[in-house]
Amino acid sequence: MANIYDHAYDLEKAIRNSEEFTGLKEAYEAVMSEESAKKMFEDFRQTQVTLQQKQMQGEEISEEEVEQARQVVELVQQHPQISKLMEEEQRLNTVINDVSKIITKPLEELYGNPEEPQQ
């Protein structure tokens, strides 16, 4: 029987070779190759990181910060290359979430799903 880590590396390789990852990589490279798109995307990512750090530290996020984040999101969604990148990222995230559900199924079966009533 193969080592479980060998299977994990096989899964990593499958993800790298997947249509979803290839699409994401191409979209990312397109954004990074255009200076204005790259700057806009980096600003968007920095805004996300800053707000996540504040949340994790239990700090209050001001209305001004929320509004600024909303404006940044609206701006990047209007940029065709960044919008495409976000779509491709969502496609890959769906695959990864599905895989995660599959590989955690033994634990769910063992412990049961607390969200579902036991029969």
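For the structure given in this document, a descriptive report is provided here. (Residues numbered from 1 in each chain as written. Predicted model: local features only at pLDDT ≥ 70, side-chain atom pairs only at ≥ 80, totals over all residues. Heavy atoms only, no water.)

**With respect to the nonpolar core**
Core analysis: the largest hydrophobic core is formed by 12 residues, namely Leu24, Ala27, Val31, Ala37, Met40, Phe41, Phe44, Val72, Val76, Ile82, Leu85 and Leu92. Within the residue set of this core, elements represented by two or more residues are α2 (19-33), α3 (35-56), α4 (63-78) and α5 (80-103). The residues touching Val76, leaving out its near neighbours within four places in the chain, are Met40, Phe44, Ile82, Ser83 and Met86. (Core = buried A, V, L, I, M, F, W, Y, C linked by side-chain atoms within 4.5 Å. Buried < 20%, exposed > 50% of the residue type's maximum accessible area, 1.4 Å probe, protein only. Helix = DSSP H or I, 4+ residues; strand = E, 2+ residues; numbered from the N terminus. Contact = heavy atoms within 4.5 Å.)

**Some words on the pattern of salt bridges**
Under the definition given, this model contains 8 salt bridges. The closest approach of N and O atoms between Arg16 and Glu12, which form a salt bridge, is 2.9 Å. Taken together, the positions of Arg16 and Glu12, both in helix α1 (residues 4-16) and 4 residues apart, correspond to about one turn of that helix. Given the relative accessible area of 49%, Arg16 is considered partly exposed. One salt bridge connects Arg91 with Glu19, and the closest N-O pair in it is separated by 3.0 Å. You can see Arg91 sitting in helix α5 and its partner Glu19 sitting in helix α2, a full 72 residues away along the chain. Accessibility expressed as a relative area gives 32% for Arg91, which makes it partly exposed. We classify Glu19 as exposed; its relative accessible area is 60%. Shared partners join several salt bridges into a network, and the residues in it are Glu19, Lys84, Glu88 and Arg91. (Salt bridge = Lys/Arg side-chain N within 4 Å of Asp/Glu carboxyl O.)

**Remarks on α4**
The α-helix winds at 3.6 residues per turn, so residues separated by three or four positions along the chain end up facing the same way. With 16 residues, α4 should cover 22 Å at 1.5 Å per step; its first-to-last C-alpha distance of 23 Å lies within 8% of that length. Against the buried residues of α4 lie α3 and α5. (Expected span 1.5 Å × (residues − 1).)

**Examining the packing of α4 against α5**
Between α4 and α5, the shortest axis-to-axis distance is 5 Å and the interhelical angle comes to 100 degrees. It follows from the interaxial angle that α4 and α5 lie roughly perpendicular. Taken together, the residues of α5 that come into contact with α4 (itself represented by Val76, Gln77 and Gln78) are Pro80, Ile82, Ser83 and Met86. Residue classes in the contact of α4 with α5 are distributed as 4 nonpolar, 3 polar and no charged. (Axes fitted to C-alpha atoms, helices over the stretch in contact; angles between N-to-C directions. Parallel < 35°, antiparallel > 145°, perpendicular 65-115°, else oblique. Nonpolar A, V, L, I, M, F, W, Y, C, P; charged D, E, K, R; others polar.)

**Section: the side chain of Glu88**
Mapped onto the elements of the fold, Glu88 is located in helix α5. Of note is the side chain of Glu88, whose polar atom sits 3.0 Å from the side chain of Arg91. Leaving out residues up to four positions away in the same chain, Glu88 has contacts with Glu20, Gly23, Leu24 and Ala27. (Polar contact = N/O pair within 3.5 Å; in protein donor to acceptor, adjacent residues only side chain to side chain.)

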